Amino acid sequence: MTRFIHDQFAKQYLSELLSPLGVVETSKDIHPEGRQIDVLFTPSSSNPERRQNLGLLGRLTATSALFEPFRNPITQSDVRTCMMKLFVLLADVDRETNRTKVPVNEDKIPQLWIFTPTASENFLQCFNTVPSTQDEEQGIYYLGTGLRSAIVVIHQLPQTPETLWLRLLGRGRVQQQAVRELEALPRESHLRENVIKLVRELIALLTKRQNREQDLDQNDRELIMTLTQMYEEAMAEVRQEIRQEIRQEVRQEVRQEVRQEVRQEVRQEVRQEAKEEFLQQGLQQGKGEGEKEATRRLIENIFQVRFGEMDEKLAEIIPSIMKRSLEEFTPLLLQLSREELIDRFQEPEE
């Protein structure tokens with residue numbers, strides 16, 4: 001039956017949540033009855049932040065506790081059996097007190113918490129339960145104070161973050177809604193991922209049983225459908241996130257490739273421009289140098305024709321003559337004597 005699967009889930013689930021707050025013992029044998037306590041919790045750490053994060057469940061761990069979760073609505077026999085387990089522990093406490101002669105503080109005696117998805121008013125009246133007077137404990141019904149017992153009706157708990165961790169132990173729509181709230185928690189929540197893993201393992205076991213024996217009740221089938229849909233939605237979100245990441249990576253790669261291509265093209269353009277600029281400068285420089293050389297040769301030829309030779313004095317005045325325009329110095333070279341040319345164009349000594 002699927003009851004065993006849910007019982008195992010509840011024990012693993014409570015152990016996962018409560019371990020940081022103290023010692024958790026599951027399926028603890030009690031003798032001589034041959035029965036087992038589902039979850040026995042003994043606080044050993046204050047850890048106020050962790051306790052606060054567990055909301056109402058965290059407040060139930062302020063003292064030693066027996067947690068007895070039920071998948072189906074409890075019966076009167078179930079309540080009596082749970083109280084019998086508590087009384088066995090209390091008998092052990094009494095024996096220890098008699099042996100040590102040290103009285104036990106009543107607040108240190110374990111508190112029994114029975115979790116049931118639903119419970120009718122008539123059922124609760126059978127045990128003379130009293131609803132909690134605290135607003136944050138709506139849905140909790142206490143038996144007589146000396147019995148150290150209470151019934152937590154999960155489907156009566158308000159739908160708030162404070163009760164989330166208890167509502168996950170409900171069934172039907174209450175559990176499905178709690179699972180949705182769990183999935184919606186921030187991903188950095190240290191409780192979220194571990195609990196989601198347990199919930200998914202539960203669904204895997206239920207699905208496997210359904211495929212093998214087809215004996216799941218309607219609530220389990222609806223839970224499987226809800227979680228399957230949520231898983232698909234979560235996977236779609238993950239795929240979309242991955243697509244966005246890959247798209248960004250591809251854009252970055254394309255941008256780098258385009259930059260490289262454009263850089264190469266610009267390099268070629270700049271190279272060609274530089275080459276043309278260099279050639280143009282060379283031509284301009286060559287042209288200027290050619291004109292200077294032609295002017296020099298013209299002056300030298302005129303000197304050769306007029307004076308028969310190029311002596312040192314005439315060679316010294318050529319740079320000064322070349323500073324004048326062709327139209328300006330040509331008549332002078334043809335008209336003035338050697339001495340007049342030297343006097344006219346000789347650079348003054350510094």
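Here the structure is shown first, and the text comes after it.
Because the structure is a prediction, the values reported are computed rather than measured. (Residues numbered from 1 in each chain as written. Predicted model: local features only at pLDDT ≥ 70, side-chain atom pairs only at ≥ 80, totals over all residues. Heavy atoms only, no water.)

**Q** Describe the sheet that holds strand E4 (residues 111-116), naming the residues involved and giving the relevant values.
**A** The strand order across the open sheet formed by 7 strands is E1-E2-E3-E4-E7-E6-E5, and the pairing between neighbours is mixed. Since the sheet does not close on itself, it has two edges, and those belong to strand E1 (22-30) and strand E5 (130-131), each with one partner. When strand E2 (residues 35-43) meets strand E3 (residues 65-69), the two strands line up antiparallel, connected through 3 bridges. When the sheet's bridge partners are listed, Phe41 is paired in E3 with Ala65. (Pairing = 2+ DSSP bridges. Helix = DSSP H or I, 4+ residues; strand = E, 2+ residues; numbered from the N terminus.)

**Q** Report on helix H11 (residues 326-335), specifying residues and quantitative values.
**A** Listed in full, the buried residues belonging to H11 are Phe329, Leu332 and Leu333. Seen along its axis, H11 keeps its buried residues to an arc of 100°; they face one direction. Residues Glu327, Leu334 and Gln335 are exposed on H11 and point more than 90 degrees away from its buried face. (Buried < 20%, exposed > 50% of the residue type's maximum accessible area, 1.4 Å probe, protein only. Arc of directions from axis to C-beta.)

**Q** Tell me about the packing of helix H10 (residues 312-321) against helix H12 (residues 338-345), and please be specific about residues and values.
**A** The geometry of H10 relative to H12 is characterised by a closest axis approach of 9 Å and an angle of 50° between their N-to-C directions. Taken together, the axes of H10 and H12 are oblique relative to one another. The two elements H10 and H12 meet at a crossing, and its hand is left-handed. Residue-level inspection shows Lys313, Leu314, Ile317, Ser320 and Ile321 of H10 in contact with H12, the latter providing Arg338, Leu341, Ile342 and Phe345. Taken together, the residues that form the contact of H10 with H12 break down as 6 nonpolar, 1 polar and 2 charged. (Axes fitted to C-alpha atoms, helices over the stretch in contact; angles between N-to-C directions. Parallel < 35°, antiparallel > 145°, perpendicular 65-115°, else oblique. Left-handed = near helix turned anticlockwise from the far one by under 90°. Contact = heavy atoms within 4.5 Å. Nonpolar A, V, L, I, M, F, W, Y, C, P; charged D, E, K, R; others polar.)

**Q** With reference to specific residues and values, describe the pattern of salt bridges.
**A** Within this structure, the stated rule accounts for 10 salt bridges. Note that Lys11 is salt-bridged to Asp38, the shortest N-O span being 3.9 Å. Highlighted residues: Lys11 in helix H1 (residues 2-18) and Asp38 in strand E2, separated in sequence by 27 residues. Both residues of the pair, Lys11 and Asp38, count as buried. The partner of Glu68 in a salt bridge is Lys85, and the shortest N-O contact between them spans 3.2 Å. Here Glu68 is found in strand E3, whereas its partner Lys85 is found in helix H4 (residues 76-100), with 17 residues between them in sequence. The exposure class of Glu68 is buried, given its relative accessible area of 1%. Here the residues in one salt-bridge network are Asp311, Arg338 and Glu339, joined through shared partners. (Salt bridge = Lys/Arg side-chain N within 4 Å of Asp/Glu carboxyl O.)

**Q** Which residues make up empty space enclosed by the protein, and what values go with them?
**A** As enumerated under the stated definition, the model contains 1 cavity of 30 Å³ or more in all. Taken together, His6, Asp7, Phe9, Ala10, Pro69, Phe70, Arg71, Leu169, Gly170 and Gln175 form the lining of the largest cavity. Examining the composition of the lining of the largest cavity, we find that 4 residues originate from one element, H1, more than from any other. The class makeup of the residues in the lining of the largest cavity is 5 nonpolar, 3 polar and 2 charged. (1 Å grid on protein atoms, 1.4 Å probe; cavity = no way out; pocket = protein on both sides within 12 Å on 5 of 7 lines; lining within 4 Å. Points joined across faces, edges and corners; volume = space filled by probe spheres on them.)

**Q** How would you summarise the nonpolar core if you had to cite specific residues and measurements?
**A** Core analysis: the biggest nonpolar cluster contains 36 residues, and Tyr13, Phe67, Phe115 and Trp165 have the highest contact counts within it. In terms of residues, this core owes the most to one element, H1, which gives 6 residues. Here Tyr13 is in contact with Trp165, Leu166, Leu168, Leu169, Val195 and Leu198, once residues within four sequence places are set aside. If you look at the next biggest cluster of nonpolar residues, it comprises 24 residues, including Leu66, Phe70, Ile74 and Cys82. (Core = buried A, V, L, I, M, F, W, Y, C linked by side-chain atoms within 4.5 Å.)

**Q** Pulling in residues and values, what's your account of the side chain of Gln111?
**A** Relative to the elements of secondary structure, Gln111 occurs in strand E4. Within polar-contact distance, the side chain of Gln111 engages the backbone oxygen of Arg148 at 3.5 Å. Aside from chain neighbours lying at most four places away, what touches Gln111 is Thr63, Ser64, Ala65, Leu66, Tyr142, Arg148, Ser149 and Ala150. (Polar contact = N/O pair within 3.5 Å; in protein donor to acceptor, adjacent residues only side chain to side chain.)

**Q** If you had to explain helix H7 (residues 172-184) to someone new, which residues and values would you point to?
**A** Given 3.6 residues per turn, any residue in an α-helix points the same way as the ones three and four places further on. Taking 1.5 Å per residue, 13 residues should reach 18 Å; H7 reaches 19 Å between its end C-alpha atoms and fits that length. Considered for burial, the residues of H7 that qualify are Gly172, Gln175, Gln176, Ala178, Val179, Glu181, Leu182 and Glu183. (Expected span 1.5 Å × (residues − 1).)

**Q** For the pairing of E2, give the residues involved together with the corresponding values.
**A** Bridge count between E1 and E2: 8 bridges; the pairing is antiparallel. Note on E2: the bridge partner recorded for Asp29 is Gln36.

**Q** Describe in detail a positive patch on the surface, supporting the description with residues and values.
**A** A cluster of basic side chains, namely Arg243, Arg247, Arg251 and Arg255, defines a positive patch on the protein surface. If you trace the backbone, Arg255 turns up in helix H9 (residues 218-307). Residue classification places Arg255 among the partly exposed positions, given a relative accessible area of 42%. (Patch = residues over 30% accessible without salt bridge, like charges linked within 9 Å, V, L, I, M, F, W, Y side chains within 5 Å. Areas by Shrake-Rupley, 256 points an atom, 1.4 Å probe, with all protein chains shown as cover. Lys, Arg positive; Asp, Glu negative; His and termini not counted. Charge placed at Lys NZ, Arg CZ, Asp CG, Glu CD.)

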